[in-house]
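# Summary of structural features
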Amino acid sequence: MAADDHAAIEQVRRWIDEAQRVVALTGAGISTDSGIPDFRGPQGVWTRNPAAEKLSDIRHYMADPEVRRASWRARMAHPAWRAQPNSGHLALAALERRGKLHALITQNIDELHQVAGNSRERVIEVHGTMRRVVCMSCGWLGPMQETLKRVRAGEHDPPCLSCGGILKSATISFGQALVPEVIDRAMRAAEEAEVFLAVGTTLQVYPVAGTLPAARAVGAKIAILNAEPTPMDFLAHTLLSGPISDLLPRICRAP
Ligand code: NAD
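Below is a short write-up of the structure. All of these numbers come straight from a predicted model, not from anything done at the bench.

### Here we look at helix H10 (residues 244–251)
- Within the span of H10, buried status applies to Ile 244, Leu 247, Leu 248, Pro 249 and Ile 251.
- Looking one or two residues beyond H10, the residue adopting positive phi is Arg 253, at roughly 55 degrees.

If you want it as structure tokens, here you go:
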């Protein structure tokens, strides 16, 4: 590691030591070292297979039973069911135990932050969770594993047991509206930040990417941790380039 990187890590560490309200925004990049690929990174699902993007679009999902059947197969095989939190997730849990973490805004749907030990109240899941199922007609909610049991038993596109409607993971697909209270909470938390860490996110998915400029506007120190450049690098006080599971434990003083 270059001397510059050591200096940058030391600087972010000091900001965190001196702050009471650290806000982290995490993207798919924090979970790649747990074996869950991102979408847009160099090894991303869409980078390797652009047709896979169709599975994430609500219009195709609602209109095409074959897209739904492919989605249920993908849910059954999802690497998140076997994944364990990595040292990046554990570092953010350690930051919460130090009493520093004001909010953890995540674009991720894998719940690895909660598995790592972050409390549910601190985690703001702006894109929902893949561990629950929702009915697109009546709004029924249930655990994903129970519906996956039905898929394994031969129901390739299982309907809602209450109303017969289309079931889907409780995640926000492209073309679907975000939950306004959740995004408001994320924005408010960003505006209360003294230090804002953008971790493993391309910062291209809106409105959640807007939390970074919102934190910057109230004078928060901004650090971006990513293996690649992002369109918001110009807003950062410090850029840390490298594997998140290596960088995050250092800046959070995690064991
Ligand atoms: P993203 O904004 O989440 O981007 C991931 C970023 O992380 C990329 O810039 C990539 O270069 C970087 N990165 C990947 N691994 C890294 C590592 N080990 N160290 C440092 N940087 C690393 O965008 P996306 O991948 O296009 O995902 C879009 C949306 O899809 C997300 O917002 C999320 O809602 C969902 N998604 C969730 C998961 C998950 O829950 N684990 C996985 C894939 C996609």
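### Describing the nonpolar core
- Of all hydrophobic cores here, the largest spans 28 residues; its most connected members are Val 12, Ile 16, Leu 92, Leu 197, Leu 240, Leu 248 and Ile 251.
- Taken together, the elements giving at least two residues each to this core come down to helix H1 (3–18), strand E1 (22–26), helix H5 (87–97), strand E2 (101–106), strand E7 (195–199), strand E8 (221–225) and H10.
- A per-element tally of this core places H1 first, with 5 residues.
- Setting aside residues no more than four positions away along its own chain, Ile 16 makes contact with Val 22, Leu 95, Arg 98, Lys 100, Val 195, Leu 197 and Ile 251.
- With 25 residues, the next largest nonpolar core counts Val 23, Ile 124, Ala 193 and Ala 236 among its residues.

### So, the pattern of salt bridges
- Counting across every chain of the model gives 12 salt bridges.
- For Asp 17, the salt bridge is made with Arg 98, and the minimal N-O distance between the two is 2.8 Å. Taken as a pair, Asp 17 in helix H1 and Arg 98 in the loop between H5 and E2 lie far apart in primary sequence, 81 residues in all.
- Residue class for Asp 17 comes out partly exposed when judged on its relative accessible area of 29%.
- The class for Arg 98 is partly exposed, based on a relative accessible area of 33%.

### Comments concerning the layout of surface pockets
- In this structure, the second largest pocket spans a volume of roughly 180 Å³.
- Lining of the second largest pocket is provided by 13 residues; of these, Gly 128, Ala 170, Thr 171, Ile 172 and Val 179 occupy positions nearest its centre.
- Elements that contribute at least two residues to the lining of the second largest pocket include exactly strand E4 (128–135) and strand E6 (167–171).
- A domain split of the lining of the second largest pocket shows at least three residues from each of domain 1 (1–36 + 85–127 + 177–255) and domain 2 (43–82 + 130–171).

### Focus on the environment of Val 67
- With respect to the helices and strands, Val 67 occurs in helix H4 (residues 65–76).
- Note: C-alpha distance between Val 67 and Ala 186 (119 residues apart in sequence) is 31 Å.

### Some remarks on the pairing of E6
- The element E6 is largely enclosed, with a buried count of 5 among its 5 residues.
- Across 5 bridges, the pairing between E4 and E6 is antiparallel. Bridge pairing links Cys 135 to Leu 167 in E6.

### What about the site of the ligand?
- The full set close to the ligand counts 25 residues, and Phe 39, Arg 40, Gln 107, His 127 and Thr 202 are the nearest of them.
- Contact distances for the ligand include 2.5 Å between an oxygen atom and a backbone N or O atom of Gln 107.
- Take Asp 110: an N or O atom from its side chain is 2.8 Å from a nitrogen atom of the ligand.
- For the ligand, whose unbound accessible area comes to 850 Å², protein coverage reaches 94%.

### Digging into the packing of H5 against H10
- One way to put it is that H5 packs onto H10 with a least axis distance of 7 Å and a crossing angle of 20 degrees. Looking at the two axes, H5 sits roughly parallel to H10. Between H5 and H10 the crossing geometry is left-handed. Residues Ser 87, Gly 88, Ala 91 and Leu 92 of H5 touch H10, and the partners they reach there are Ile 244, Ser 245, Leu 248 and Pro 249.
- Each residue belonging to the contact of H5 with H10 can be placed in one class, and the counts come to 5 nonpolar, 3 polar and no charged.

### Topic: unusual backbone geometry
- At the junction of Tyr 206 and Pro 207, the peptide bond is cis and its omega measures out at 5 degrees in the coordinates.
- With respect to the helices and strands, the residue Pro 207 is situated in the loop between E7 and helix H9 (211–217).
- Backbone geometry places Arg 253, a non-glycine residue, at a positive phi of 55 degrees.
- Inspection of the secondary structure assignment puts Arg 253 in the segment after H10.

The rules we used
Residues numbered from 1 in each chain as written. Predicted model: local features only at pLDDT ≥ 70, side-chain atom pairs only at ≥ 80, totals over all residues. Heavy atoms only, no water. Buried < 20%, exposed > 50% of the residue type's maximum accessible area, 1.4 Å probe, protein only. Helix = DSSP H or I, 4+ residues; strand = E, 2+ residues; numbered from the N terminus. Core = buried A, V, L, I, M, F, W, Y, C linked by side-chain atoms within 4.5 Å. Contact = heavy atoms within 4.5 Å. Salt bridge = Lys/Arg side-chain N within 4 Å of Asp/Glu carboxyl O. 1 Å grid on protein atoms, 1.4 Å probe; cavity = no way out; pocket = protein on both sides within 12 Å on 5 of 7 lines; lining within 4 Å. Points joined across faces, edges and corners; volume = space filled by probe spheres on them. Domains from an automatic or database assignment. Pairing = 2+ DSSP bridges. Near = heavy atom within 4 Å. Polar contact = N/O pair within 3.5 Å; in protein donor to acceptor, adjacent residues only side chain to side chain. Areas by Shrake-Rupley, 256 points an atom, 1.4 Å probe, with all protein chains shown as cover. Axes fitted to C-alpha atoms, helices over the stretch in contact; angles between N-to-C directions. Parallel < 35°, antiparallel > 145°, perpendicular 65-115°, else oblique. Left-handed = near helix turned anticlockwise from the far one by under 90°. Nonpolar A, V, L, I, M, F, W, Y, C, P; charged D, E, K, R; others polar.

Function cannot be read off these values alone, since they describe shape.
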